[in-house]
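Structural features, examined
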Amino acid sequence: METSASWDPQNPQMHVGTQRFTTSDEHLGFLERFGVNSMAVNGITFSRDYGWDAEELAAKKEKCKSYGVDMEMVALPIHRFNEDGGSIPNYMLGNREKGEKEIELVCKMVRATADAGIPAIKYFLCEMENQRTESTPPGRGGVRYSTWDLSRADADTPRYDRPVTAEENWARITFFLERVIPVAEECKVRMACHPCDPWLPPGYKGVDRVLGGAEGFKHFIEICPSPYHGLNLCLGCMAESVEDPANEVPDIIRYFGEKKKINLIHYRNIFGGRNKFQEVWPDEGVMNMNTLMKALKEVGYPHMVVPDHAPGHDAPGSFEQAFAFQFGYIKAMIQAVNSEN
């Protein structure tokens, strides 16, 4: 049976978590009431000189602990690394000189995370922004679904002055990993890389995206092999990258889970599949979420299962409603699979 305990290195079991809440008293009280005992934290004070302050991290971790919540992961502020103001870091733009400085900062942040006693970091390595189209039609009760329809997108206007090939993209990713993963291993900090959202056909806006789905991740985990080099496996993104999500995503879980490469799970569902989808509530999409949870149990996944985000609506308390529903759903799913022989 699932318990309310967070990740225990002596008895690791998957457990519900979140990444959308702050360390405010209001948010921590909310998480405590709903039995959410683990979280990834965004919004740590960021300095261009040293990245994160270990004392601030430790103080936030201690505050979370006072509410029975384990701050077991922090998120790199990727969009803030580029000193020129762009949202894409220089190391993903092919600027090695400025990228080296950004990566040195990341390494300092890995060390600060370790010094604060936090075991994991989430991040992503994307060459351009997430892509979405107009959110139509509305979902049940008038909610807004995050939507992607390739046929309605501007696929032809180049994102950059010249094309970005898959070879160049892999070189940039390798440039980052070869410098960061050895530090993460030295510090015993698990790194969890999120897919680029969504999967895009090669050459979309002049870019060959390589980390949009499982095939790219299969190559990614072989670069700088380490037990601390792994994935933030977003099941929604995996569903968005394949033709048959209901049957293909469980096998994706098994592939990476058996290799112990999953360090964080985003547990969400979709209508549709590759090139046309909507992000929906977990109980109404094309995937059987119980099947996915069984696959996680099968491979012995031991970390957080988080809702990621949720459909939006305008009713009072929409944020709290959405996450209370999803937390309860995840906790019930974990309890159900743990109850089976």
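Below is a short write-up of the structure.

The rules behind these values
- Residues numbered from 1 in each chain as written.
- Predicted model: local features only at pLDDT ≥ 70, side-chain atom pairs only at ≥ 80, totals over all residues.
- Heavy atoms only, no water.
- Core = buried A, V, L, I, M, F, W, Y, C linked by side-chain atoms within 4.5 Å.
- Buried < 20%, exposed > 50% of the residue type's maximum accessible area, 1.4 Å probe, protein only.
- Helix = DSSP H or I, 4+ residues; strand = E, 2+ residues; numbered from the N terminus.
- Contact = heavy atoms within 4.5 Å.
- Phe/Tyr/Trp six-rings, centres within 6.5 Å; stacked < 30°, edge-to-face > 60°.
- Lys NZ or Arg CZ within 6 Å of the ring centre and 35° of its normal.

Formed by 104 residues in total, the largest nonpolar core has its most connected members in Leu125, Phe220, Leu233 and Tyr267. A total of 10 residues in this core trace back to one element, the largest contributor, which is helix H4 (residues 166–187). What phenylalanine 220 contacts, discounting residues up to four positions off in sequence, is Tyr123, Leu125, Trp170, Ile173, Leu177, Cys193, Leu211, His229, Gly230 and Leu231. Core analysis: the next-biggest nonpolar cluster, separate from the first, contains 7 residues, Ala40, Met73, Met304 and Val306 among them.

All told, the structure shown has 17 aromatic pairs when counted by the stated rule. Relative to phenylalanine 176, the ring of tyrosine 91 has its centre 4.9 Å away and its plane inclined at 40 degrees; by these criteria the two rings are tilted. Linking tyrosine 91 in the loop between strand E3 (70–75) and helix H3 (96–115) with phenylalanine 176 in helix H4, this pair joins segments that are 85 residues apart in sequence. Note on tyrosine 91: relative accessible area 2%, which makes it buried. Assessed through its relative accessible area of 0%, phenylalanine 176 is described here as buried. Pairwise contacts between aromatic rings join Phe21, Phe30, Phe34, Phe319, Phe323 and Phe327 into one cluster. Above the ring of tyrosine 255, the side-chain terminus of lysine 259 is found at 4.8 Å from the ring centroid.

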